[in-house]
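If you want the building blocks of each chain, they are given just below.
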Amino acid sequence: VQLQASGGGLVQAGGSLRLSCAISGRTSRSYGVGWFRQAPGKHREFVSTISHSGGKTLYADSVKGRFTTSRDNARNTAYLQMNNLRPEDTAVYYCAVAEAYSVVLTTQAERYNYWGQGTQVTVSS
């Protein structure tokens, strides 16, 4: 299974970016997709996750109301729309697949089976 995250870049505070996560290979029939981020000198942290159907989502408090996750199963792609970005959102963003969590959501990184390579998001003040 391969995950390719893209869409990162440099943006001013208050701006927006949309990250994409293209998923390929032999995944299970259904799976949850999570987004995590890691800033320099900090631990990786949970950002958001979405169920296989897209009907359930969960967000970290720090991004709630600003970020929206979605997915297009026909395209095997997940998205993270990030609005009103802040300098503290600067990090490498990773998408990940959790095969055992297609309905019940999980925020725990160790429960995700496959990870993308990450895409850099930099927000200037």
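The structure contained in this document is the topic of the report that follows. All values derive from a computational prediction rather than experimental measurement.

The rules we used
- Residues numbered from 1 in each chain as written.
- Predicted model: local features only at pLDDT ≥ 70, side-chain atom pairs only at ≥ 80, totals over all residues.
- Heavy atoms only, no water.
- Helix = DSSP H or I, 4+ residues; strand = E, 2+ residues; numbered from the N terminus.
- Rg over C-alpha atoms; globule rule 2.2 N^0.38 Å.
- Buried < 20%, exposed > 50% of the residue type's maximum accessible area, 1.4 Å probe, protein only.
- Contact = heavy atoms within 4.5 Å.
- Polar contact = N/O pair within 3.5 Å; in protein donor to acceptor, adjacent residues only side chain to side chain.
- Core = buried A, V, L, I, M, F, W, Y, C linked by side-chain atoms within 4.5 Å.

Quick notes on the overall build of the protein
Assigned secondary structure in the protein consists of zero helices and 11 strands. Expected size for 125 residues packed as a compact globule is a radius of gyration near 14 Å; at 13 Å, the protein falls within 12% of this value. Overall, the C-alpha framework of the protein stretches about 40 × 30 × 25 Å when taken along its three principal axes. Taken over 125 residues, the protein has a buried fraction of 43%.

Description of unusual backbone geometry
Not every positive phi belongs to a glycine, and N76 is a case in point at roughly 50°. Summarising the element assignment, N76 is placed in the loop between β7 (67–72) and β8 (77–82). Given a relative accessible area of 36%, N76 falls into the partly exposed group. Phi at N84 is positive, roughly 50°, even though this residue is not glycine. When you line up the elements, N84 lands in the loop between β8 and β9 (91–98). Assessed through its relative accessible area of 43%, N84 is described here as partly exposed.

Regarding the environment of T106
Inspection of the secondary structure puts T106 in the loop between β9 and β10 (114–115). With residues near it in sequence (within four places) discarded, T106 still touches F46, T49, A98, Y101, R111 and Y112. A polar atom in the side chain of T106 sits 3.2 Å from the backbone nitrogen of Q108.

Quick notes on the nonpolar core
Within the largest apolar cluster, 34 residues are counted, with the highest numbers of intra-cluster contacts made by F67, L80, M82 and Y93. Breaking this core down by element, the ones donating at least two residues are β1 (2–6), β3 (17–24), β4 (32–38), β5 (45–50), β8, β9 and β11 (119–124). It is β9 that provides the largest number of residues to this core, a total of six residues. The contacts of M82, once residues within four sequence positions are left out, are G15, S16, L17, L19, R66, F67, Y93 and V121.

Nothing here speaks to function; it is geometry throughout.
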